[in-house]
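Per-entry structural report
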Amino acid sequence: MMSSTEELLKRLGVSIDAGTLRLALTHRSYAYENGGIPTNERLEFLGDSILGFSVTDALYRDNPSLPEGDLAKRRSAVVSTRALAGIGRSLGIGDYIYLGQGEKLTEGKNKASILADTMEALIGATYVSNDIETARQLVMRLIGPLLKDAAALGAGTDWKTSIQELAASRQLGSIHYLVEGSGPDHARTFTAVLEIGGNAYGNGSGHSKKEAEQEAAADAWRVLSGAPRPAAADDSADSAASV
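This one's a predicted model, so the numbers in the text were calculated from it and none came from an experiment. (Residues numbered from 1 in each chain as written. Predicted model: local features only at pLDDT ≥ 70, side-chain atom pairs only at ≥ 80, totals over all residues. Heavy atoms only, no water.)

Comments concerning the packing of aromatic side chains
For any pair of aromatic rings, geometry is given as the distance between the ring centres together with the angle between the planes. On inspection of all chains with the given rule, the structure shows one aromatic pair. Between tyrosine 30 and tyrosine 98, the ring centres sit 5.3 Å apart and the planes meet at 50 degrees, which makes this aromatic pair tilted. With tyrosine 30 in helix H3 (residues 28–33) and tyrosine 98 in the loop between helix H6 (81–91) and helix H7 (101–105), the pair connects residues that are 68 residues apart, well separated along the chain. According to the relative accessible area criterion, tyrosine 30 is buried, its value standing at 19%. The ring of tyrosine 98 is capped by arginine 22, whose NZ or CZ atom sits 4.1 Å from the centre of that ring. Above the face of the tyrosine 177 ring, lysine 160 is positioned so that its terminal group lies 5.0 Å from the ring centre. (Phe/Tyr/Trp six-rings, centres within 6.5 Å; stacked < 30°, edge-to-face > 60°. Helix = DSSP H or I, 4+ residues; strand = E, 2+ residues; numbered from the N terminus. Buried < 20%, exposed > 50% of the residue type's maximum accessible area, 1.4 Å probe, protein only. Lys NZ or Arg CZ within 6 Å of the ring centre and 35° of its normal.)

Some thoughts on helix H10 (residues 159–169)
Those residues of H10 not exposed but buried are Trp159, Ser162, Ile163, Leu166 and Ala167. Within H10, the buried residues cover an arc of 125 degrees as seen down the axis, which keeps them to one side. Seen from the open side of H10, the exposed residues pointing more than 90 degrees away from its buried face are Gln164, Glu165, Ala168 and Ser169. Those residues of H10 that are buried lie in contact with strand E1 (175–182), strand E2 (189–196) and helix H11 (209–225). Downstream of H10 by one or two residues, glutamine 171 has phi in the positive range, about 55 degrees. (Arc of directions from axis to C-beta. Contact = heavy atoms within 4.5 Å.)

Regarding the pattern of salt bridges
Taken as a whole, this structure holds eight salt bridges when the rule is applied. One salt bridge in this structure joins glutamate 41 and arginine 28, with 3.3 Å as the shortest N-O distance. On the criterion of sequence distance, the pair formed by glutamate 41 in helix H4 (residues 41–62) and arginine 28 in helix H3 is long-range, its members being 13 residues apart. With relative accessibility at 36%, the residue glutamate 41 sits in the partly exposed group. For the salt bridge of arginine 61 with aspartate 57, the shortest nitrogen-to-oxygen distance reads 2.8 Å. Separated by four residues within a single helix, arginine 61 and aspartate 57 lie in helix H4, roughly one turn from each other. Judged by relative accessible area, arginine 61 falls into the exposed class, the value being 61%. (Salt bridge = Lys/Arg side-chain N within 4 Å of Asp/Glu carboxyl O.)

Describing the confidence of the model for the protein
Of all residues in the protein, 86% attain a pLDDT of 70 or more, and the chain-wide mean is 84. The secondary structure element of the protein with the lowest average pLDDT is helix H12 (residues 233–241), at 41, and the one with the highest is helix H2 (residues 18–24), at 96. Predicted confidence for residues 228–243 stays below pLDDT 50, and this span has 33 contacts to residues more than four positions away or in other chains. (pLDDT = per-residue confidence, 0-100.)

Side note on helix H8 (residues 112–129)
The end-to-end C-alpha distance of H8, which contains 18 residues, comes to 26 Å, matching closely the 26 Å that a straight helix rising 1.5 Å per residue would cover. Most of H8 sits out of view: 13 of its 18 residues are buried. (Expected span 1.5 Å × (residues − 1).)

Right under this line is the structure:
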């Protein structure tokens with residue numbers, strides 16, 4: 001029977017020493033409640049840089065004729081909080097994060113921001129325990145499937161702005177989000193429907209109103225732009241996790 005950390009490392013496909021792994025999984029809420037111990041924020045800072053470089057390098061090499069602006073949009077799409085959180089959920093990262101009681105009560109293990117930050121910290125921890133090439137390979141295993149959908153995701157991370165610009169260029173009318181919440185206060189789930197000119201174009205869900213609206217905007221953008229709906233970040237990451 002493998003320990004929980006061994007199972008996590010198996011899913012990631014890397015080796016990380018025990019101390020560094022624990023640090024990568026220590027959220028600031030837990031650190032605060034336990035005497036101000038170190039948090040994963042320094043590793044997150046490191047991992048963010050490695051993630052950005054690895055994705056930029058892959059996009060640059062694989063798209064020799066693509067202009068800088070399009071490269072930047074594709075990079076933003078695949079390193080977004082939504083994309084990283086989807087990968088984190090597929091790997092079950094939330095079950096391993098050390099969270100304070102407040103975050104536990106509000107389902108912090110499912111929050112996109114916490115999952116995304118922890119994924120970056122794990123990338124940083126992989127570098128610290130190994131080397132840059134091992135960390136880069138981890139990034140490509142996790143992000144690689146999303147790079148295939150980068151063109152369709154090219155609107156980037158701010159889907160609400162992207163759909164607003166697209167709707168305005170086509171004079172479709174005003175945009176309105178219909179948002180509903182369900183579940184207890186500590187574990188609310190929100191669903192959103194995006195209407196443009198009184199017509200529904202997109203649906204989304206999330207653990208916050210903002211996340212649900214962004215999902216609905218992304219859905220509507222794909223409908224209006226004619227882009228194929230790529231596998232959700234969670235589904236794409238499932239493929240990455242099995243590598």
